[in-house]
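Per-entry structural report
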Amino acid sequence: MSLSIKLHSIRSLNESSEASSSDEYYVLVVVATLRPPVPNVPIPAVPNFRVFAYGVFEDMDDDDDAPVLVGGPPFWGMDGVPADIVDPTDVAIVVSVLEYDNGGPAQYSELVNARTALSLGASAGAPGPAERAARLAADISNVLNAVDVPIPFSFDDDHIATLQLVLDQSDLIEFGTKDKVMVFEGDGTTVELVISISDSLAPPQPNWRFCSKCNALFFDGFPEKGVCPAGGSHGAAGLNFALPHDISGDQANWRFCHKCSAMFFDGYPAKGACPTGGAHEAAGFNFVLQHDVDGPGQDSWRFCHKCNAMFFDGFPTKGVCPAIGPSAHEAAGYNFRLGHL
């Protein structure tokens, strides 16, 4: 079953009794693949795992009316795109909530990363994946409580709690989205997390490319390469981007323009300027793109407020926009991070 799992929201149910007027939390999620890549072959010496950090979430009060929505990347699949889970015990997911004081997510991520590698290596001969996952959760909890610390450690962020997110067959959904609620209690504090599991029946669509002539993102999967505002057809260069579509999450309404082959934002009444003349016209999938996050993929992809197209803003020159001139693209809004093959 190909799934995407992400931290959807965080909420303070009970503040700590510290002198500060509100709490500041962050979340560390460890995801590890426990199934050997080849049946009947021993587990490799280098375990497949990753540590994700979310936050710091500031001004968290127990009288807040609504949870804080989290815009970070999914932690499964680990490379930012949905991935298969055949058996729920194939995957270990360990979630920790900490209160920020003087340490911070970067330092504690390094600590948890080191302890995870040691734990998974030491448990390679365990009877089964459930035992390995339980041991990993205990080892991470211990190290965050300054027990069995493998490296020098002098930070003093408060460890609220560490819990294992245990999946079962009912979580391997085929349609829609399912939420799982986790409640963390410790150090006089209670924090609620909502974990969102969504199916991905439609795999990400590849063959989205950077046009070296106009800097826009265009679809390179057809023999005809669209119309470039710099003249002629688009010219592909660089990475091959594979983009998720028709799923929940981050920002939707990014569409393929069948007139020029560029990616444009279709969420406004005005559809921007198409180099073929008139406005862009949407066809095909509804793409959902993550923004303002760290992780795999390439960032600096931006919305051009003049033509509505997605363009790469990472070069000093900003390409060619078909609006008003033509002239250069002008960035507005989010900083998008696109996954690639």
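Scroll up for the structure.
A short tour of the structure in this document, coming up.

Calculation notes
- Residues numbered from 1 in each chain as written.
- Predicted model: local features only at pLDDT ≥ 70, side-chain atom pairs only at ≥ 80, totals over all residues.
- Heavy atoms only, no water.
- Helix = DSSP H or I, 4+ residues; strand = E, 2+ residues; numbered from the N terminus.
- Buried < 20%, exposed > 50% of the residue type's maximum accessible area, 1.4 Å probe, protein only.
- Contact = heavy atoms within 4.5 Å.
- Areas by Shrake-Rupley, 256 points an atom, 1.4 Å probe, with all protein chains shown as cover.
- Expected span 1.5 Å × (residues − 1).
- Arc of directions from axis to C-beta.
- Polar contact = N/O pair within 3.5 Å; in protein donor to acceptor, adjacent residues only side chain to side chain.
- Pairing = 2+ DSSP bridges.
- Axes fitted to C-alpha atoms, helices over the stretch in contact; angles between N-to-C directions.
- Patch = residues over 30% accessible without salt bridge, like charges linked within 9 Å, V, L, I, M, F, W, Y side chains within 5 Å.
- Salt bridge = Lys/Arg side-chain N within 4 Å of Asp/Glu carboxyl O.

Comments concerning the overall build of the protein
Counting secondary structure elements, the protein contains two helices and 18 strands. The burial tally for the protein puts 45% of its 341 residues in the buried class. For the protein, the proportion of contacts with a sequence separation of at least 24, taken over those separated by at least 6, is 71%. Looking at the protein as shown, the accessible area adds up to about 14,900 Å², and 52% of this sits on carbon and sulfur atoms.

Points about helix 1 (residues 105-122)
For helix 1, with 18 residues, the first-to-last C-alpha span of 25 Å sits near the 26 Å given by 1.5 Å per residue. All of the buried residues in helix 1 are Pro105, Tyr108, Ser109, Leu111, Val112, Arg115, Thr116, Ser119 and Leu120. Along the axis of helix 1, the buried positions cluster into a sector of 160°, meaning they face one direction only. The outward face of helix 1, more than 90 degrees from its buried face, is lined by the exposed residues Ala106 and Glu110. On its buried side, helix 1 packs onto strand 2 (23-33), strand 3 (48-60), strand 6 (91-99) and helix 2 (129-144).

Things to note about the side chain of Asp171
Here Asp171 shows up in the loop between strand 7 (158-164) and strand 8 (177-186). In this structure the side chain of Asp171 is engaged in a polar contact, spanning 3.2 Å, whose partner is the side chain of Lys180. Asp171 has contacts with Leu3, Val166, Lys178, Lys180 and Ile197, leaving out every residue within four places of it along the chain.

Remarks on the environment of Lys180
You can see Lys180 is positioned in strand 8. As for Lys180 and Ile195, which are separated by 15 residues in sequence, their C-alpha atoms are 5.1 Å apart. Discounting chain neighbours no more than four positions away, the residues touching Lys180 are Leu165, Val166, Leu167, Asp171, Leu193, Val194, Ile195 and Ile197.

Some thoughts on the sheet that holds strand 7
The four strands lie next to each other as 3-2-6-7, forming an open sheet whose pairing is antiparallel. Every interior strand has two partners, whereas the edge strands, strand 3 and strand 7, have only one. Ignoring which end each strand starts from, the neighbouring axes of this sheet average 15° apart. The sheet contact formed by strand 2 and strand 3 spans nine bridges and is antiparallel. Within strand 3, the position partnered with Tyr25 by the bridge is Phe57. Against the sheet, helix 1 engages strand 2, strand 3 and strand 6, with an angle of about 150° to strand 3. The strands touched by helix 2 are strand 2, strand 6 and strand 7; relative to strand 7, the strand with the most contacts, the crossing angle is about 180°.

Looking at a nonpolar patch on the surface
Residues Leu13, Val181 and Val183 make up a contiguous nonpolar surface patch of about 240 Å² in total accessible area. Of note, Leu13 is situated in strand 1 (residues 2-14). Since its relative accessible area comes to 38%, Leu13 is described here as partly exposed.

Regarding the pattern of salt bridges
Counted by the stated rule, this structure contains eleven salt bridges. For Asp171, the salt bridge identified is with Lys180, shortest N-O distance 3.2 Å. A salt bridge links Asp313 to Lys318, with the nearest nitrogen and oxygen atoms 3.0 Å apart. On the basis of relative accessibility, which here comes to 21%, the residue Asp313 falls in the partly exposed class. In this structure, a network of salt bridges that share partners links the residues Arg115, Arg135 and Asp139.

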